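# Architecture and fold: a report
Spelled out from the first residue to the last, the chains are:
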Amino acid sequence: MSRLIIVANRVVIPKEGDHSAGGLAVGVLSALDELGGVWFGCNGQITEDPKPRPPKITERGNITFATIDLNQEDHDGYYNGFSNNILWPLFHYMLGYYNYDRSQYEAYERVNQWFADGLIPLLEPDDIIWVHDYHLIPLADKLRQGGIDRPIGFFLHVPFPAYGMLRVLPISRKILEYLCRFDLVGFQTQSDLDAFCDAVVSSLGASMEEDHTLLVDGRKVRVGVFPIGVDLDQIAESASSIERYEYANRLITSLAGRNLIIGADRLDYSKGIPERLRSYERLLEKFPQYRGRIVYMQISAPSRTDIRGYQDIKNEVDALLGGITGQYSKFDWVPIRYIEQAFERDILMAFFRVAKLGMATPLRDGMNLVAKEYMAAQNPEDPGILVLSKLAGSAKELTDAILVNPYDPDEVATGIERGLEMPLAERRDRYQ
Ligand code: F6P
């Protein structure tokens, strides 16, 4: 049987019995568990070596984890720079955070070459190669140049921007050419796929064939929509045994009968945390009956902390928190509990089950798995309700959430009010 070769920027090597991984890591691990294979990428270690050494190998069951270390300059240019200071804000339509720098593009090319150089010696003739996300767009081209003619797939976890936005990138044509070097290119939603096809047709003169393929320079590239999901049974299992988690019990006790609203995100400007805080403030302003009766707990996991935009968002959130708590707190109640730390996944799922209302209001998101996780963690007999951004990929599937525009604090505040007042029968219907 063919082995599956996963290539992603980040490799997460699980500890025995550890369920703390989230998002991409969970999806990748379950695919690898089934087929066996290799997960290749960086492990976040910084080396002094000018060029990465051959990958470090860790074996776990039928999975081989192969990791390379980057030096500081390459890490800064490739990860903090081109991937997260250029592609990330551009693909999320957030040009205020976009800082194009040609030297960072050079580092991105260089590191993709390191990835190809490290991976090629590990490949076997029947391997299925599956590359993940915006960090590794040039990889198929580098592997082809290294003599690999196996089919190579690519999945983009983040949104693909409309062509008019993509053209802000001086090397947008190159990015499209690189993506067309894969045999199959997958997206989270139909609108991402449409944007990609439109860009390839407009920029590279490709034609769209009937069988979900693009014809580019005489080569066929298959394209498709493959929305990432969550493991419903596993989440339901973690969440339903909340009494196992001391944290969840302490949370219930501390609420003293008040309703809990929860948000959990990476501390990333695309997640719309300041906008969410302003919406919550609007709720307390417009609907004073909730003062003292609800608690909003926002869990923000620190992320990409070396990048200026991420430091700015932290400062903005801190300032807003000071304002809201100062204005609305009483001697025996605070409106917001703000926790800047990552929680183990099982504990988070139990917290989700405790919360009457989940907030997933990104300004733009490829999918937003938190939205799916929140729903999967609910008690079917008495489910909570989700307030979800229309601009998240998951809104295309979770159409029975309360869908809001995250830029409009009045709309979000009204959505929260509607969720908090929703009768059980309607919550059950929507949950189903
Ligand atoms: O959602 C996009 C993504 O890159 C995921 O692939 C990843 O799990 C997440 O963001 C976290 O990013 P980072 O690896 O930069 O912490």
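In this report, we go over the structure that sits alongside the text. (Residues numbered from 1 in each chain as written. Predicted model: local features only at pLDDT ≥ 70, side-chain atom pairs only at ≥ 80, totals over all residues. Heavy atoms only, no water.)

## Focus: the nonpolar core
Here is the rule we go by: Residue types Ala, Val, Leu, Ile, Met, Phe, Trp, Tyr and Cys, when buried and joined through side-chain atoms within 4.5 Å, form a set referred to as a nonpolar core. Buried means the residue's accessible area, taken with a 1.4 Å probe over protein chains only, is under 20% of the maximum for its type, while exposed means over 50%, and partly exposed covers the values in between. Comment: elements are numbered from the N terminus, with helices defined as DSSP H or I runs of at least four residues and strands as E runs of at least two. Working rule for contacts: check all heavy atoms of both residues, and any pair within 4.5 Å makes them a contact.
Grouped together as the largest cluster of nonpolar side chains are 132 residues, with contacts concentrated most on Val7, Phe115, Phe160 and Phe196. For this core, the leading source of residues is helix α2 (residues 72–91), giving eight residues. When sequence neighbours within four positions are dropped, the list of residues in contact with phenylalanine 160 reads Phe91, Tyr93, Leu166, Leu176, Leu179, Phe187, Asp192, Ala195, Phe196 and Ala199. Counting residues in hydrophobic clusters, the runner-up holds eleven residues, among them Leu4, Ile6, Trp39 and Phe65.

## Describing the site of the ligand
The condition that has to hold: If a single non-hydrogen atom of a residue is within 4 Å of a molecule or strand, that residue counts as near it. Within 3.5 Å is the distance limit for a polar contact, defined as a pair of N or O atoms, with the added protein rule that one can donate a hydrogen and the other accept it, and that residues adjacent in sequence qualify only through two side-chain atoms. The method behind every accessible area is Shrake-Rupley, applied with a 1.4 Å probe, and residues are considered shielded solely by the protein chains displayed. Any residue that is not Ala, Val, Leu, Ile, Met, Phe, Trp, Tyr, Cys, Pro, Asp, Glu, Lys or Arg is counted as polar, Gly included; the first ten are nonpolar and the last four charged.
What surrounds the ligand is the set Arg10, Leu24, Tyr79, Trp88, Asp133, Tyr134, His135, Val158, Arg266 and Arg304. A distance of 2.8 Å is found between an oxygen atom of the ligand and a side-chain nitrogen or oxygen belonging to arginine 10. At 2.5 Å from an oxygen atom of the ligand is found a side-chain nitrogen or oxygen belonging to tyrosine 79. Across the complex, the protein chains shield 77% of the 390 Å² of accessible surface that the ligand would expose by itself. Looking at the shell around the ligand residue by residue, the classes come out as five nonpolar, one polar and four charged.

## Topic: the environment of glutamate 124
Along the chain, glutamate 124 turns up in the loop between α3 (102–119) and β5 (128–132). Look at glutamate 124 and you get partly exposed, because its relative accessible area is 42%. With near-sequence residues (within four places) excluded, glutamate 124 lies in contact with Arg3 and Arg150.

## Details of empty space enclosed by the protein
What counts is decided by this rule: A pocket here means an open set of points on a 1 Å grid, computed over the protein atoms alone, that has protein on both sides within 12 Å along at least five of seven lines. A cavity is instead a set of points where a 1.4 Å probe fits but cannot get out; residues with an atom within 4 Å of a point line either one. Grid points are joined across faces, edges and corners, and a volume is the space filled by probe spheres set on the points.
By the definition in use, this model includes one cavity of 30 Å³ or more. Contributing to the lining of the largest cavity are Ile262, Phe352, Gly358, Met359, Ala360, Val370, Tyr374 and Leu386. Sorting the residues of the lining of the largest cavity by element identifies β14 (357–360) and α13 (369–376) as the ones contributing at least two each. Partitioned by chemical class, the residues of the lining of the largest cavity number seven nonpolar, one polar and no charged.

## Regarding the pairing of strand β1 (residues 4–10)
The test is simple: A pair of strands is considered paired only if DSSP assigns at least 2 bridges between the two.
Most of β1 is tucked away: six of the seven residues are buried. Across four bridges, β1 lies against β5 in parallel orientation. By the bridge assignment, isoleucine 5 is partnered in β5 with isoleucine 129. Of the strand pairs in this sheet, β1 and strand β2 (residues 37–47) are connected by five bridges, and their pairing is parallel. If you follow leucine 4 over to β2, its bridge partner there is glycine 37.

## Looking at the pairing of strand β13 (residues 336–339)
Our working definition: If the strands point away from the viewer and the path from the first strand over the helix to the second runs clockwise, then the crossover is right-handed.
With four bridges connecting them, strand β12 (residues 294–301) and β13 associate as parallel partners. By the bridge assignment for β13, isoleucine 299 is matched with isoleucine 339. Crossover connection from β12 via helix α11 (residues 308–328) to parallel β13: handedness right-handed.

## Details of the packing of helix α9 (residues 246–255) against helix α12 (residues 345–354)
Just so we agree on the cut-off: A fitted line through C-alpha atoms serves as each axis, taken over the contacting stretch for helices, and the angle formed by two N-to-C directions is quoted from 0 to 180°. To sort the angles, those under 35 degrees are grouped as roughly parallel, those over 145 as roughly antiparallel, those from 65 to 115 as roughly perpendicular, and the leftovers as oblique. Definitions for this section: a left-handed crossing has its near helix turned counterclockwise from the far helix by less than a right angle. A right-handed crossing has that turn clockwise.
At their nearest, the axes of α9 and α12 sit 9 Å apart, and the two run at 30 degrees to each other. By the angle between their directions, the pair α9 and α12 is classed as roughly parallel. The two elements α9 and α12 cross, and the hand of that crossing is right-handed. Facing Tyr247, Ala248, Leu251, Ile252 and Leu255 of α9, the residues of α12 in contact are Ile347, Ala350, Phe351 and Val354. Of the residues in the contact of α9 with α12, the class split is nine nonpolar, no polar and no charged.

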